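Coordinates in review
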Amino acid sequence: MSSLSRELVFLILQFLDEEKFKETVHKLEQESGFYFNMKYFEDEVQNGNWDEVERYLGGFTKVDDNRYSMKIFFEIRKQKYLESLDKHDRAKAVDILVKDLKVFASFNEELFKEITQLLTLENFRENEQLSKYGDTKSARAIMLVELKKLIEANPLFRDKLQFPNLKSSRLRTLINQSLNWQHQLCKNPRPNPDIKTLFVDHTCGQPNGALAPSPSNNPLLGPIPKAGGFPPLGAHGPFQPTPTPVPTQLAGWMTNPPAVTYPAVSGGAIGLGAPANPAAILKHPRTPNTNPAVDYPSADSDHVSKRTRPIGISDEVNLPVNILPVTYPQSHGQAMYTPDDLPKTVARTLNQGSTPMSMDFHPMHQTILLVGTNVGDIGLWDVGTRERLILRNFKVWELGQCSMTFQAALVKDPSVSVNRIIWSPDGSLFGVAYSRHIVQIYSYHGGDDIRQHLEIDAHAGGVNDIAFAHPNKQLCIITCGDDKTIKVWDATNGTKQYTFEGHDAPVYSVCPHYKENIQFIFSTALDGKIKAWLYDNLGSRVDYDAPGHWCTTMAYSADGSRLFSCGTSKEGESFIVEWNESEGAVKRTYQGFRKRSLGVVQFDTTKNRFLAAGDEFLIKFWDMDSINLLTTIDAEGGLPASPRIRFNKEGTLLAVSTHDNGIKILANADGLRMLRAFENRSFDASRTVSEVVSKPIISPMTAAAAAAAAAVATSSGIADRAIPPVSISAMNGDNRNSVDVKPRITDESMDKARIWKLTEITEATQCRSLRLVDNLRTSKISRLIYTNSGVAILALASNAIHLLWKWPRNERNSSGKATASVSPQLWQPPSGILMTNDITDTNPEEAVPCFALSKNDSYVMSASGGKISLFNMMTFKTMTTFMPPPPAATFLAFHPQDNNIIAIGMDDSTIQIYNVRVDEVKSKLRGHSKRITGLAFSNVLNVLVSSGADAQICVWSTDGWEKQRSRSLQIPSGRTTSNISDTRVQFHQDQIHFLAVHETQIAIYETNKLECVKQWVPPENASRISHATFSCDSQLIYASFLDATVCIFSASNLRLRCRILPAAYLPSNVRTTVHPLVIAAHPLEPNQFALGLTDGGVHVLEPLESEGKWGVAPPAENGSASSMSTPPPAGASSSDQPQR
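Residues numbered from 1 in each chain as written. Predicted model: local features only at pLDDT ≥ 70, side-chain atom pairs only at ≥ 80, totals over all residues. Heavy atoms only, no water.

**Quick word on the overall build of the chain**
We apply this condition: Secondary structure follows DSSP: runs of H or I at least 4 residues long count as helices, runs of E at least 2 residues long count as strands, and numbering of each begins at the N terminus. Only protein chains enter the calculation, and the probe is 1.4 Å; a residue is then buried if its accessible area is under 20% of its type maximum, exposed if over 50%, and partly exposed in between. Note on definitions: a residue-residue contact is assigned when non-hydrogen atoms from the two residues lie within 4.5 Å. Computed with the Shrake-Rupley method and a 1.4 Å probe, the accessible areas treat only the protein chains shown as cover for residues.
The number of helices and strands found in the chain is 17 helices and 58 strands. Each of the 1140 residues in the chain was classed as buried or not, and the buried ones make up 56%. The contacts in the chain between residues at least 6 apart in sequence include a share of 57% that link residues at least 24 apart. When the accessible surface of the chain is split by element, carbon and sulfur atoms take 50% of a total near 46900 Å².

Rendered as structure tokens:
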């Protein structure tokens, strides 16, 4: 079929849908095979219309087309079979088994036998692999998640999951254009032609010389919907110098896109193209579409925005068909969320001391809460332990640097309130917007360690809002204020980059966002106007009215696909609405507010599913897809009329302000479990001190030893991240240039410092240690990793054999996660085969082993000096091998966004960027002089960091794979290193800093400048480091040494907090001959790690349950790193110097 004929089918599909011929629409979809309507497919699966499901699928694929298709049909038929068993309809189950499932027996006979055996069970849930099967509705929803992934990964569905971007009634438009053209050809055109048929060409019968009417007014076809609404933003890159008004594929709120268009991305709304004169739209806002299409992708439909996956290895799809196990986790996307998932139970009550005005949870650490109050205080809480980590009163850091207007106003009236407090996207900074002129930016280093970073005299009058954004991949601060402006500041040095003027009233809020690489900012003002700005100083692209015409805030859903606003009018009428971005109009208005709200209502979103707002002394919840109020809660009373609210990132906790200057923390079931875990570990300061000093099982070191340990922990040079130099007194609020508004809280850090002692674990009774059983008599453990789910440990021994230990789920271990309290099973498939790497003729003990695990734990890529092998983690079968040596692979890392792309470090010092799907080396990176020993991707900075046996670190752009910079490790003077000493790298959770591990040091680097900001060096006569790794939350660093000692550091300052001696986990007969080669951190439990030993053993270590953590963090030194000197510059080299 020609491309035009294919497009005609799409036009017919659109017409049929608009005319509500629903059955015909789906019949044509299936018969043509051009468009797979995922929404229709989902509905049929949810309704259990299995015959229609398979019939519809049959228009696009057959069972034996490929492995994805096979698994799609298998999952559907298996679900149908299980539902029959659940209804005890044995006859129907047997019929399904024989007619539908037997086709899979030829591919996996064992699987078919296991399915058949379910008939013999009274309840198929007696099968351990199906024990978590819920009810029919939830099982179908969970299966749908898997089916959608399989369909998106299936190459046969490529280009069939997105409906073309069409203006409404496109077929009608073409017909009108044809009639208009025919009418213009009439010899005697009538002014109002009476067109009664399309079957023959139109001609006018009577001459009158009039011109044809506009097609949009044609009485036959009716009015044609006008394109546009809020003018499209287009594919406008950040900081674009000049606009070019052309049509665009991105629905939006702005005009003047460039000529370049981009494909749709997940979460982006696709809408109508811009008219020929975009400026005209700025003056005429459109009304919402009153007759939207139901199934076909409208401008805000997610069908259009889904990107099809490439052929190859999917990051979520289990490749083999022969898998019976079905897992049923707590939640699987939007369909699985229920009102029970909302945090409704009061779990904590915190006393802030003044009225909370703004709150924000840390983006990484789910229990860390920032609070700003009506008297200018900022508080930092760990709601898990109920501990207030920090209380800072308002204080101007550098009054002399502020405007005279601000200084005079502050002297006249020193009262200041926090208008907004917010974390940066990675949680390394937070910003505070005050009601007077300034914003203050702090850097956060974990725990109670915050440091002054920037103070900006931002606006004349109050600063009403603050936000962070990443235009041009540079972190920026966005502020707005009473002076009617929006300003953009560099987050590193505070220089002003843009000033946006155009509002006629004080600017109340800002909402930065990006779609399809387009960065923009929404702003709202107190006159109810909404404007939108690109980073280009070319003025506002939008001028529209928000419901309420007064105080309005805007926010996107977490996935960035839906836009909401909440506003209150001067009369107290409140609104929450969802916007149709493509039309620039209100899509739905949520009901449930009282007619007169007592204050400005604040709102928040969570789980891409729910909205919440504080109103009428309650918290009100809505489902995003329903305008009706879902539920309300009073949080056991005590709330103000319009409480402030804030969800944590996972939606498990909700912070709510109270009328008595407090905060209530509400939790759902997951949140309660998380908080209970913290309760078991929490100790107040006095109890911690007494336990550390007095408990017999944790023996503190002698005073001399503690002093020596403290010297070790602080002797090596450590520099903090780049921030303006601040004195210790200034960090405590004693800066002489400050205006002291309120009394300071006494700092107890000096008292803590006097009594803190290093924790040393010297015997097995002082921690939980478990040696994993191994009957294969393997040699030394060369590589070690936990699976991403945390339920198993995978080891690679130097003899090229893999070992996999899985923890059972039972009464002693209800979570099924790895633990030192329960022994796991050394797992092998029924076939009894081992995962063994290809080896060369050389001694495998001399090879450099390496492996990398897929995100969903379904396969592992591994090498031991020979070819790289891809193993199925369920069956241990070798799926493929590639890249025979030489050169041999020495390190493997998956690209974080595409599991088909692998970075492979080689023993010839190169790095090969390999595409598994097309079996092709895309790039070969050269910058090291010896073998590659470490690779790590940052998905925030879009870089790859590499390290080698040459003690060199390189940073590569993942966009074009060019080298950005390089630097040699700073080897301490007087230290000798072996010729081929490994250097490992691992990114911090913030994806901006990384850990570098060498036998002579542990160091933290800032990636953008490749600067060493912290460094720890063992004492001169101490044993060398064998390996080190971050804990899963990046708060700790676990390091193993050649003398079998394990040291645990606080990652924020690299100070030693706990030391584990060999006697605590090794038997006495091997302590002098065995030591750890590798150390791995549990992906979910920050206080659990595992050691791989030279004797082939693997040990899992955890603190005692009564302790809950490894030692006590050393006290912060007044927020200053003054005792830590800058790392020596010796050995450093820049990227533009010649490589050795």
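**Details of unusual backbone geometry**
With omega at -5°, the peptide bond leading from proline 885 into proline 886 counts as cis. Take proline 886: it is sitting in the loop between strand E39 (878–882) and strand E40 (889–894). At the junction of proline 886 and proline 887, the peptide bond is cis and its omega measures out at -10° in the coordinates. Among the structural elements, proline 887 can be located in the loop between E39 and E40. A positive phi angle, near 50°, is found at aspartate 919, a position not held by glycine. Of note, aspartate 919 is situated in the loop between strand E42 (910–915) and strand E43 (920–926).

**So, the environment of arginine 420**
Counted only if it meets this: Two N or O atoms count as a polar contact when they lie within 3.5 Å, although within protein this holds only if one can serve as hydrogen donor and the other as acceptor, and sequence-adjacent residues are included solely when both atoms are side-chain atoms.
Along the chain, arginine 420 turns up in strand E6 (residues 418–423). If we skip the residues at most four places from it in the chain, arginine 420 touches Ser358, Gly431, Val432, Ala433, Asn464, Asp465, Ile466 and Arg646. At 2.8 Å, the side chain of arginine 420 forms a polar contact with the side chain of aspartate 465.

**Some thoughts on the sheet that holds strand E2 (residues 356–361)**
Cut-off, in case you're wondering: Should DSSP find at least two bridges between two strands, the strands are regarded as paired. Between the N-to-C directions of two axes lies an angle of 0 to 180 degrees, each axis being a line fitted to C-alpha atoms and, for a helix, fitted only over the stretch in contact.
Pairing in this open sheet of 4 strands is antiparallel, and the strands run E2-E3-E4-E5 from one edge to the other. Here the strands that pair on one side only, and so sit at the sheet edges, are E2 and strand E5 (387–392). In this sheet, adjacent strand axes meet at a mean angle of 20° when their direction is disregarded. Pairing analysis gives 5 bridges linking strand E4 (residues 378–382) to E5, with the strands arranged antiparallel. Note on E5: the bridge partner recorded for leucine 380 is isoleucine 390.

**Re the packing of aromatic side chains**
Our working rule: Two aromatic rings from Phe, Tyr or Trp, using only the six-membered ring of Trp, form a pair when their centres are within 6.5 Å; if the ring planes differ by under 30 degrees the pair is stacked, by over 60 it is edge-to-face, and anything between is tilted. Each ring is checked for a lysine NZ or an arginine CZ that lies within 6 Å of its centre and within 35 degrees of its normal; such an atom marks a charge sitting over the ring.
According to the stated counting rule, one finds 33 aromatic pairs in the structure shown. Each ring, one from tryptophan 423 and one from phenylalanine 430, has its centre 5.3 Å from the other, and the planes form 70°; the classification is edge-to-face. With respect to burial, tryptophan 423 and phenylalanine 430 carry one shared label: buried. Taken together, the ring pairs in this structure connect Phe36, Tyr40, Phe41, Tyr56, Phe60 and Phe157 into an aromatic cluster. Sitting over the ring of phenylalanine 34, arginine 6 keeps its end group 4.9 Å from the ring centre. Between the NZ or CZ atom of lysine 806 and the centre of the ring of tryptophan 827, over which it lies, the distance is 4.0 Å.

**Points about the pairing of strand E45 (residues 943–948)**
Most of E45 sits out of view: 6 of its 6 residues are buried. Burial along E45 is two-sided: the face carrying Val943, Val945 and Ser947 and the face carrying Leu944, Ser946 and Gly948 are both buried. Summarising the sheet, strand E44 (residues 932–938) and E45 pair through 6 bridges and their orientation is antiparallel. Across the sheet, residue alanine 936 finds its bridge partner in E45, namely valine 945. Linking E44 to E45, which pair antiparallel, is a turn of 4 residues; within it asparagine 942 sits at a positive phi near 55°. Note: E45 against strand E46 (residues 952–957), 5 bridges, orientation antiparallel. What sits directly across from leucine 944, in E46, is tryptophan 956.

**Digging into the nonpolar core**
Filter applied, for reference: Here, nonpolar core refers to any group of buried Ala, Val, Leu, Ile, Met, Phe, Trp, Tyr and Cys residues whose side-chain atoms link them within 4.5 Å.
By size, the foremost hydrophobic cluster in this structure holds 42 residues, and its most contacted members are Phe36, Phe41, Leu57, Tyr81 and Leu101. Among the elements that take part in this core, helix H5 (residues 67–86) stands out by supplying 9 residues, more than any other. Setting aside its immediate chain neighbours within four residues, leucine 57 contacts Phe36, Phe41, Ile72, Phe73, Ile76 and Phe157. Membership of the second largest hydrophobic core comes to 24 residues, among which are Cys402, Tyr442, Tyr444 and Ile450.

**Digging into the sheet that holds strand E12 (residues 485–490)**
Taken in spatial order, the 4 strands line up as E10-E11-E12-E13 in an open sheet, and their pairing is antiparallel. Either end of the sheet is taken by a strand with one partner, and the two such strands are strand E10 (463–469) and strand E13 (496–501). The mean angle between the axes of side-by-side strands here comes to 20°, regardless of whether they run parallel or antiparallel. Relative to strand E11 (residues 476–481), E10 runs antiparallel, the two being bridged by 6 bridges. Looking at E11, one finds that valine 463 is bridged to glycine 481.

**Quick word on the pairing of strand E52 (residues 1025–1030)**
Counting buried positions along E52 yields 5 of 6 residues, so the element is predominantly enclosed. Bridging between E52 and strand E53 (residues 1036–1041) involves 5 bridges; their strand directions are antiparallel. In the strand pairing of E53, phenylalanine 1030 is matched with isoleucine 1037. Hairpin remark: E52 followed by E53, antiparallel, with 5 residues in the connecting loop; positive phi at serine 1034, about 65°.

**Quick notes on the environment of leucine 171**
Mapped onto the fold, leucine 171 is located in helix H9 (residues 170–184). Exposure remark for leucine 171: the relative accessible area of 19% places this residue in the buried category. Distance from leucine 171 to phenylalanine 15, taken between C-alpha atoms, is 6.8 Å for residues 156 residues apart in sequence. If we skip the residues at most four places from it in the chain, leucine 171 touches Leu8, Leu11, Gln14 and Phe15.

**Overview of the confidence of the model for the chain**
Just so we agree on the cut-off: The pLDDT value tells you how sure the predictor is about a given residue, anywhere from 0 up to 100.
Considering every residue of the chain, the mean pLDDT works out to 79; 77% of them sit at 70 or more. When the criterion is pLDDT under 50, residues 207–335 qualifies, and its contacts beyond four places in sequence or with other chains add up to 362 contacts. A low-confidence stretch, residues 1118–1140 stays under pLDDT 50, and its non-local contacts, those more than four residues away or across chains, total 50 contacts.

**Thoughts on helix H4 (residues 50–58)**
Among the residues making up H4, those that are buried are Trp50, Glu52, Val53, Glu54, Tyr56 and Leu57. Where H4 is buried, its residues contact helix H2 (22–32), helix H3 (38–46), H5 and helix H8 (136–153).

**Concerning the pattern of salt bridges**
Opposite charge on two side chains makes pairing possible when the charged atoms of those side chains draw close. As a reminder, the rule being used: Salt bridges are counted wherever a side-chain nitrogen of Lys or Arg sits within 4 Å of a carboxyl oxygen of Asp or Glu.
What the rule picks out here adds up to 37 salt bridges. For the salt bridge of glutamate 19 with arginine 172, the shortest nitrogen-to-oxygen distance reads 2.5 Å. In this pair, glutamate 19 is assigned in the loop between helix H1 (3–18) and H2 and arginine 172 in helix H9, connecting sequence segments 153 residues apart. A residue is classified by how much of its surface remains accessible, and glutamate 19, at 32% relative accessible area, is partly exposed.

**Here we look at a nonpolar patch on the surface**
Our working rule: Residues qualify for a patch when their relative accessible area is over 30% and they have no salt bridge, like charges being joined within 9 Å and the nonpolar side chains of Val, Leu, Ile, Met, Phe, Trp and Tyr within 5 Å.
On the surface, Leu198, Phe199 and Val200 cluster together into a nonpolar patch covering about 380 Å² of accessible area. Structurally, phenylalanine 199 can be placed in the loop between H9 and helix H10 (278–283). The exposure class of phenylalanine 199 is exposed, given its relative accessible area of 81%.

**Details of the packing of H1 against H9**
Let me state the cut-off plainly: These descriptions rest on fixed angle ranges, namely under 35 degrees for roughly parallel, over 145 for roughly antiparallel, 65 to 115 for roughly perpendicular, and the rest for oblique. Residues were grouped as follows: Ala, Val, Leu, Ile, Met, Phe, Trp, Tyr, Cys and Pro as nonpolar; Asp, Glu, Lys and Arg as charged; and all remaining residues, including Gly, as polar.
Two elements in contact, H1 and H9, have axes separated by 8 Å at closest approach and are oriented at 110°. Relative to H9, the element H1 is oriented roughly perpendicular. Judged by residue contacts, Leu8, Leu11, Gln14 and Phe15 of H1 engage Arg170, Leu171, Arg172 and Leu174 from H9. The class makeup of the residues in the contact of H1 with H9 is 5 nonpolar, 1 polar and 2 charged.

**Some remarks on H5**
Here is the rule: Expected helix span is taken as 1.5 Å per residue step, with the number of steps being one fewer than the number of residues.
In this model, H5 (20 residues) spans 28 Å end to end at C-alpha, consistent with the 28 Å of a helix rising 1.5 Å per residue. Burial analysis of H5 places 18 of its 20 residues in the buried class, which makes it a mostly covered element. If you check the start of H5, you find a side-chain oxygen 3.0 Å away from the backbone N of tyrosine 68, and it comes from asparagine 66. Downstream of H5 by one or two residues, histidine 88 has phi in the positive range, about 60°.

**What about the environment of glutamate 18?**
Tracing the backbone shows glutamate 18 in helix H1. Judged by relative accessible area, glutamate 18 falls into the partly exposed class, the value being 24%. With 150 residues separating them along the chain, glutamate 18 and serine 168 place their C-alpha atoms 8.8 Å apart. In this view, glutamate 18 contacts Ser168 and Ser169; residues no more than four positions away in its chain are not counted. From its side chain, glutamate 18 meets the backbone nitrogen of serine 169 in a polar contact 2.9 Å long.

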